[in-house]
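Chain by chain, the residues run as shown.
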Amino acid sequence: MLPRPHPRSRPAFTLIELLVVIAIIAVLIGLLLPAVQKVREAAARAQSQNNLKQLGLALHAYESANARLPGMKSAGASNPTSFGYSVHAQLLPYIEQEPLGKTFDMTQPLFVGTFPTPSFQLNQPDAAKVVVKTFLCPGDGQQPLFTVNSGGGTHAGTNYVVNLGSGLAGAGAAAPNGYDTRFPSDGMFFYGPGVRLADVTDGTSNTMFMSQCLLGLNQNLTKPFADLTPDEKRRQTASLSGRSLFTGPSGANPGYGASPPIGDTDYQSATSWRGNRGGSWIWANASVNGYTAALRPNAPEPDATAHGLGFLSARSNFSGGVNVCFGDGGVRFVRDAIGLDAWRALATRAGGEVVGGSDY
């Protein structure tokens, strides 16, 4: 018999070769990861634009049915200009959420009891905590249920906020100071019966209806501005103390804003930070689901309010800007670098400003 041949042994990887292979794989992953992240962001941005598109179409459908856009709905005769139903709540039948809309009655108060005592509570708590996917931006990622709103209960949040206006205070004032939304502003939404499309004399394609915000962290913080994390600075709202409201000659507040006026650096001395930005889709509250153009999109300065008035910015996690739904139903990406005058002009419905596409 012939001798049986010995099997050849396979040469093993040396440690150096193994380390080289691992290094090559690590480099490839490092090169691929940013591309994957860009694809994910692009998909989230497209979905966010689609959500805003649906809301824009819903606004037009509402206007066709009611001859005017929804206003921030009053809460009833006992408290006619606070704690009412939001624009979002009134749009439910027009975004295929009619069954949810039928679970509550907007002729009844959203809250009952006396503010701000413990008796002040949600009147219709089951509807308030329903998460509506169309109201949420997939690019945010923050949990959408909030328990820090006035009146307690659980509120489902929204990343899409309505245009309150340029952010300049009411007639007779020229500085950014927020709005008292009980009074008409130069924007699209405030308490009252709602604006007609015929009132948008700047042109619907040049007037913002809705944009984005980042959800708050569902916690109220007490610490100086310098101690906030970068994420807290983007999501929390400074609650400024020591201010009242401007009043007119007869004592009635004409909507001029806070007194003394809110300055764009007052947040630096704030120690109280609210965490309910975007914290309710059902509640008509300017500081929760409205925005102004006092500051550019994704401004480095945090939001800051007194009495719910102040700096309420459009913000997103998308690189370089925010999605905006315009009055013609179109959705465009507006860059952070937009000129402040152009940004404010897009927020007014009848300011007479001329804004071209090259401005943003």
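One can find the structure itself at the top, above this paragraph.
Residues numbered from 1 in each chain as written. Predicted model: local features only at pLDDT ≥ 70, side-chain atom pairs only at ≥ 80, totals over all residues. Heavy atoms only, no water.

**As for the pattern of salt bridges**
Okay, step 1: In this structure the tally under the stated criterion is nine salt bridges.
Okay, step 2: The residue E232 makes a salt bridge to K223 at a minimum N-O spacing of 3.0 Å.
Okay, step 3: A relative accessible area of 10% means that E232 is categorised as buried.
Okay, step 4: The shortest N-O distance in the salt bridge between D231 and R234 comes to 3.9 Å. Taken together, the positions of D231 and R234, both in helix α5 (residues 230–235) and three residues apart, correspond to about one turn of that helix.
Okay, step 5: By relative accessible area, which is 31% here, R234 ends up partly exposed.
Okay, step 6: Through salt bridges that share partners, D140, D231, R234 and R235 make up one connected network. (Salt bridge = Lys/Arg side-chain N within 4 Å of Asp/Glu carboxyl O. Buried < 20%, exposed > 50% of the residue type's maximum accessible area, 1.4 Å probe, protein only. Helix = DSSP H or I, 4+ residues; strand = E, 2+ residues; numbered from the N terminus.)

**As for the side chain of R315**
Okay, step 1: Here R315 is to be found in the loop between β16 (309–311) and β17 (321–326).
Okay, step 2: A polar atom in the side chain of R315 sits 2.7 Å from the backbone oxygen of A299.
Okay, step 3: When near neighbours in sequence (up to four residues on either side) are disregarded, R315 contacts Q212, C213, L214, R234, N298, A299, E301, P302, D303 and V322. (Polar contact = N/O pair within 3.5 Å; in protein donor to acceptor, adjacent residues only side chain to side chain. Contact = heavy atoms within 4.5 Å.)

**Concerning the nonpolar core**
Okay, step 1: Residues L55, L59, F104, M210, W281 and I282 are the most contacted members of the largest nonpolar core, which totals 48 residues.
Okay, step 2: Broken down by element, the residue count for this core peaks at six residues, all from helix α1 (residues 15–66).
Okay, step 3: Among all residues touching I282, those that are not within four sequence positions of it are G84, Y85, S86, A89, F104, L110, A127, A128 and H155.
Okay, step 4: Counting 18 residues, the second largest nonpolar core, distinct from the first, contains A293, A342, A345 and Y360. (Core = buried A, V, L, I, M, F, W, Y, C linked by side-chain atoms within 4.5 Å.)

Don't take any of this as a statement about function, it's just geometry.
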